[in-house]
Amino acid sequence: MYNEENVTLCGSSAYEKKYYFNDTFDHLPSSIKNELKIMCVLFTEEISCILTLDFDEQGNLNFNIHTEENDFLFDEISCGLKIKEIQTKKRDLLEALEMYYKIFALGETPDFDQTKENQPEEQP
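This section reports on the structure supplied with the text. Since the structure is predicted, the reported quantities are computational estimates derived from the model, not experimental observations.

Quick notes on the sheet that holds strand E1 (residues 7-13)
Strands sit in the order E2-E1-E3-E4 across an open sheet of four strands; the sheet is antiparallel. The open sheet has two free edges, formed respectively by strand E2 (18-21) and strand E4 (61-66), since each of these has just one partner strand. Sheet twist, expressed as the average angle between the axes of neighbouring strands with direction ignored, equals 15°. Against the sheet, helix H3 (residues 91-104) engages E1, strand E3 (50-55) and E4, with an angle of about 110° to E4.

What to know about unusual backbone geometry
Positioned with a positive phi, lysine 17 is a non-glycine residue whose angle comes to about 55°. Mapped onto the elements of the fold, lysine 17 is located in the loop between E1 and E2. Judged by its relative accessible area of 58%, lysine 17 is exposed. Look at serine 48: it is not a glycine, yet its phi comes out positive at around 65°. Of note, serine 48 is situated in the loop between helix H1 (30-47) and E3.

Focus on the pattern of salt bridges
Counted by the stated rule, this structure contains seven salt bridges. When the shortest N-O distance is used, the salt bridge between glutamate 46 and lysine 82 registers 3.3 Å. Of this pair, glutamate 46 sits in helix H1 while lysine 82 sits in helix H2 (residues 76-89), placing them 36 residues apart in sequence. Residues glutamate 85 and lysine 89 are paired through a salt bridge, measuring 3.1 Å at the closest nitrogen-oxygen approach. One end of the pair is glutamate 85 and the other is lysine 89, both in helix H2 and four residues apart, which spans about a single turn. A single network of salt bridges, built from pairs that share partners, joins Glu46, Lys82, Glu85 and Lys89.

About the cut-offs
Residues numbered from 1 in each chain as written. Predicted model: local features only at pLDDT ≥ 70, side-chain atom pairs only at ≥ 80, totals over all residues. Heavy atoms only, no water. Pairing = 2+ DSSP bridges. Helix = DSSP H or I, 4+ residues; strand = E, 2+ residues; numbered from the N terminus. Axes fitted to C-alpha atoms, helices over the stretch in contact; angles between N-to-C directions. Contact = heavy atoms within 4.5 Å. Buried < 20%, exposed > 50% of the residue type's maximum accessible area, 1.4 Å probe, protein only. Salt bridge = Lys/Arg side-chain N within 4 Å of Asp/Glu carboxyl O.

Laid out in structure tokens, this is it:
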């Protein structure tokens, strides 16, 4: 799934009871693909929506939510809280996916020196 700026990694729909995974990323380890599937399906079942995880032009992974017009089960506040919860609990996974996309899809070179600068210095 591609649009002009974003590349969809995966998505799930509570309405159609379907899960989508972009075949472009098929070479990711099966454990990561399974974790994404579980995360997306549980999210959409709990929140009652369509969720897609999309990479933007800079390689950031975004949660995009879509709802049907008359879905009275959808709660925007609960949705926002659930996204924050996932971003906290799955931080390592989401950051690793962003780095993977930036390196392999966008052709960026990882800057390990910048990573070291952001970490606190150890005291002798």
